[in-house]
Amino acid sequence: MTLRKRLTGIWLMAMALLSFGAYTTFFVAQMSAPYIVYWTLPIFQSIALVIYLWGPDKIRLKPLRLMYRLCYATSFLVIPAFVFIFMGLISQYHVNIKESIDARNIPVKDILPGDETLIFKTDKVYVFFPEYTTVDLECGKRPSKSDESITWCCGAAFQHAVQIKFAQDNIEGDHASHGEFYDSPYDRDADGAFTFANGKFGFEFENKTEAVQEAAKAGGSGFMQLAMIKDKKNVMNFDRPRARCYRALAELNGNLCVIDSVKMMHFNEFMSELRRLGVTNAVYMDMGAGWNYSWYRSANGKVRTLFGLPVPWSHNWIVFRK
């Protein structure tokens, strides 16, 4: 056996193992990525390896030779796929925020915003109070970290399908951006609505479309997401089976904030902490790998990235601006 054939065999065996690793990691990271890529790569690599072990020189049928070459060619996609999905897994873990205020012994009523961005930390969650004068829903173009007016940025509404090209009707739930209202074909009964207009925020759980329309008429923004808490009562009647980091856009002590779990946990733990804090209203924020892309600007003006995987198929974000 020539050196080339030996190296080819080693390469195919390694890529077959790595492709199964990527396929397994896909589920651990719970990524909303093109599923077919992580499903077909192990199959293609297995086919290429089997044909190699049998002997490519024994193939007489042209379609089989083409199949082998195709499967062999896809082996060069395995490493990029594994790296990407591994980054997705890493992005599930929340960074430690050293500048946060220890709130374990602070009365809940004293967890309040200040004149600049403040972050409180309990045993379970971070409570972010970004400095802001307005809150916008940005669609299509990802907000830039160089925009010094932005103090917070994260994903907002769900998107119906994974697609690179942006389309307003792919955003789930009626929404408004900078005074423009967009009717969605994907509204759900479980949704609540968040709105911001005329310097005031609001949560609506009944007349959601009307609330978003009113915000648009006033030149504001709004979107729909899964309702979590309404008037301090849990309105989300289903659970997430896997441990992961969670995020809520919430009203606490009469103030707008974002609440993140400190680490990966089960959803009922996160909900219990929100109720312990006395959160008045809250809607869910998407936290799948890539969709959880988020950052804030600290009081000293520096950008702090929380989840940094900017997938190209994420197309809407909520931003706080000072």
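Scroll up to find the structure this text is about.
Just so it is clear, the structure is predicted and the values come from calculations on it, not from any experiment.

Looking at the packing of aromatic side chains
Geometrically, a pair of aromatic rings is defined through the distance of the ring centres and the angle of the planes. By the definition in use, this model includes 17 aromatic pairs. Each ring, one from Trp-11 and one from Phe-76, has its centre 5.3 Å from the other, and the planes form 35 degrees; the classification is tilted. Placement of the pair is Trp-11 in helix H1 (residues 3–29) and Phe-76 in the loop between helix H3 (62–74) and helix H4 (78–90), with a sequence separation of 65 residues. For Trp-11, a relative accessible area of 25% gives the class partly exposed. An aromatic cluster is built from Phe-158, Tyr-246, Phe-267, Phe-270 and Tyr-284, whose rings are joined through pairwise contacts. The ring of Tyr-293 carries Arg-142 above its face, with NZ or CZ at 4.7 Å from the centroid.

Some points on the environment of Met-236
Structurally, Met-236 is set in the loop between strand E11 (233–234) and strand E12 (247–252). Each C-alpha atom, one on Met-236 and one on Val-283, is 9.4 Å from the other, the two residues being 47 residues apart in sequence. Every residue in contact with Met-236, bar those within four places of it in the chain, is listed here: Leu-226, Ala-227, Met-228, Phe-267 and Tyr-284.

Structural notes on the pairing of strand E3 (residues 125–129)
Sheet faces and side chains relate simply in a regular strand, where the side chains alternate between the two faces. Most of E3 is tucked away: five of the five residues are buried. A two-sided burial pattern is seen for E3, the buried positions comprising Val-125, Val-127 and Phe-129 on one face and Tyr-126 and Phe-128 on the other. Between strand E2 (residues 118–121) and E3, which follow one another and run antiparallel, lie three residues. As paired elements, E3 and strand E13 (residues 255–261) share four bridges and run antiparallel to each other.

Definitions and cut-offs
- Residues numbered from 1 in each chain as written.
- Predicted model: local features only at pLDDT ≥ 70, side-chain atom pairs only at ≥ 80, totals over all residues.
- Heavy atoms only, no water.
- Phe/Tyr/Trp six-rings, centres within 6.5 Å; stacked < 30°, edge-to-face > 60°.
- Helix = DSSP H or I, 4+ residues; strand = E, 2+ residues; numbered from the N terminus.
- Buried < 20%, exposed > 50% of the residue type's maximum accessible area, 1.4 Å probe, protein only.
- Lys NZ or Arg CZ within 6 Å of the ring centre and 35° of its normal.
- Contact = heavy atoms within 4.5 Å.
- Pairing = 2+ DSSP bridges.

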